[in-house]
Amino acid sequence: TGEPVGVNILNAGIILALMSVPVIVSVGEDALKAVPDGYREAALALGASRWEIVYRVLFPAAKNGLLAAVLLGVGRAIGIALARAGHDIAFTDIAEDEAVAEAAKLFEAAGAKARFFRHNVAAVPSHAGLVADVKAAFGRLDLFVSNAGIGAPIRGDMLEITEESFDLVMDVNLRGAAFLSQEVARAMLTDKPERPAIVFITSASTELVSIDRAQYC
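Fair warning: this is a prediction, and the values are worked out from it, not measured in the lab. (Residues numbered from 1 in each chain as written. Predicted model: local features only at pLDDT ≥ 70, side-chain atom pairs only at ≥ 80, totals over all residues. Heavy atoms only, no water.)

### What about the overall build of the protein?
A count of helical and extended segments in the protein gives seven helices and four strands. Going residue by residue from the N terminus, the α and β elements of the protein occur as α-α-α-α-β-α-β-α-β-α-β. By its C-alpha atoms, the protein is 60 × 40 × 40 Å across when sized along the principal axes. In the protein, buried positions account for 28% of the 217 residues. Taking the intrachain contacts of the protein between residues at least 6 apart in sequence as the baseline, contacts between residues at least 24 apart amount to 70%. (Helix = DSSP H or I, 4+ residues; strand = E, 2+ residues; numbered from the N terminus. Buried < 20%, exposed > 50% of the residue type's maximum accessible area, 1.4 Å probe, protein only. Contact = heavy atoms within 4.5 Å.)

### With respect to the confidence of the model for the protein
Keep in mind that low pLDDT regions are not for reading the predicted coordinates in detail. Averaged over the protein, the pLDDT score is 85; the fraction of residues at 70 or greater is 91%. The secondary structure element of the protein with the lowest average pLDDT is helix 1 (residues 9–33), at 71, and the one with the highest is helix 6 (residues 127–138), at 97. (pLDDT = per-residue confidence, 0-100.)

### Quick notes on the side chain of Ser165
Here Ser165 lies in helix 7 (residues 163–191). A polar contact is formed between the side chain of Ser165 and the side chain of Gln215, at a distance of 2.6 Å. Leaving out residues up to four positions away in the same chain, Ser165 has contacts with Pro153 and Gln215. (Polar contact = N/O pair within 3.5 Å; in protein donor to acceptor, adjacent residues only side chain to side chain.)

### Thoughts on unusual backbone geometry
Positive phi values are uncommon outside glycine, yet Lys192 reaches one of about 50°. Take Lys192: its relative accessible area is 65%, and that puts it in the exposed class.

### Topic: the nonpolar core
Among the nonpolar cores identified, the biggest contains 14 residues, and Ala83, Ile89, Phe91 and Phe107 are the most heavily contacted of them. Listing elements by their share of this core, those giving two or more residues are helix 4 (63–84), strand 1 (89–93), helix 5 (98–109) and strand 2 (114–118). Leaving out residues up to four positions away in the same chain, Ile89 has contacts with Gly79, Leu82, Ala83, Phe107, Ala112, Lys113, Ala114, Arg115 and Phe138. Core analysis: the next-biggest nonpolar cluster, separate from the first, contains 13 residues, Leu130, Val131, Leu141 and Val184 among them. (Core = buried A, V, L, I, M, F, W, Y, C linked by side-chain atoms within 4.5 Å.)

### With respect to a negative patch on the surface
A surface patch of like charges, here negative, comprises Asp93, Glu96, Asp97 and Glu98. Its place among the elements puts Glu98 in helix 5. (Patch = residues over 30% accessible without salt bridge, like charges linked within 9 Å, V, L, I, M, F, W, Y side chains within 5 Å. Areas by Shrake-Rupley, 256 points an atom, 1.4 Å probe, with all protein chains shown as cover. Salt bridge = Lys/Arg side-chain N within 4 Å of Asp/Glu carboxyl O. Lys, Arg positive; Asp, Glu negative; His and termini not counted. Charge placed at Lys NZ, Arg CZ, Asp CG, Glu CD.)

### Looking at the pairing of strand 2
The pairing of strand 1 with strand 2 spans five bridges and is parallel. By the bridge assignment, Ile89 is partnered in strand 2 with Ala114. In this view, the connection linking strand 1 to its parallel neighbour strand 2 by way of helix 5 has right-handed handedness. (Pairing = 2+ DSSP bridges. Right-handed = clockwise from strand over helix to strand, strands pointing away.)

### Describing helix 6
Taking 1.5 Å per residue, 12 residues should reach 16 Å; helix 6 reaches 17 Å between its end C-alpha atoms and fits that length. Phi for Gly139, located one or two positions after helix 6, is positive at around 100°. (Expected span 1.5 Å × (residues − 1).)

### A look at helix 7
The end-to-end C-alpha distance of helix 7, which contains 29 residues, comes to 39 Å, matching closely the 42 Å that a straight helix rising 1.5 Å per residue would cover. Of all the bends found along helix 7, the most pronounced is centred on Asp171 and spans about 50°. If you follow the buried residues of helix 7, they end up packed against helix 6, strand 3 (143–146) and strand 4 (197–200). Phi turns positive, to about 50°, at Lys192, one or two residues after helix 7. (Bend = angle between axes of the 7 residues up to and from the residue.)

### A short note on the layout of surface pockets
Taken as a whole, the second largest pocket encloses approximately 1200 Å³ of empty space. Taken together, 38 residues line the second largest pocket, and the ones lying closest to its centre are Leu67, Ser203, Ser205, Arg213 and Tyr216. If you list the elements that add at least two residues to the lining of the second largest pocket, you get helix 3 (50–61), helix 4 and helix 7. Examining the composition of the lining of the second largest pocket, we find that seven residues originate from one element, helix 4, more than from any other. (1 Å grid on protein atoms, 1.4 Å probe; cavity = no way out; pocket = protein on both sides within 12 Å on 5 of 7 lines; lining within 4 Å. Points joined across faces, edges and corners; volume = space filled by probe spheres on them.)

Structure, rendered in structure tokens:
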């Protein structure tokens, strides 16, 4: 058929997963180390086993950092892969920190022109401005990858979920992502790139249920 051997979604997913592992492990380790020692000591005093300490104490306490590790690792792997494929990279986050500078260096080392745009995906009125800034910097949008996401701010009984917690998760993971993709699609229809694409990175929670974070899954 003339198609390259081994080029398929499964292999691409495996490669991206392997590329993201170093970042996930490094950031995840930092998140676990940041849990106060008193949590471990209290669990030991109550007779918890090592596995119970990890599963019932460390993981819940470090959940936000662990989620950030996954998103950061996957985002970097995607950016590097796209850079190697010949794309320039415009990427966003709600905060500009050392991780942003490191990601930009990795994208540029992979052959891309990279530029960071500070942006809150939950702020829907700002989406048009973001797309306009990206187009001003790069000329057009060919590919949009939606990788933004947050976990449940507070875990617990689904009957105790607050409106604030629910709205926060929905504003980022659903509403913000949907309306930003809408703005990107409008730009693509105007610019008419040769092979436009919009990709959403989802979660295992599309198939798995966690009853203590119902606003997320």
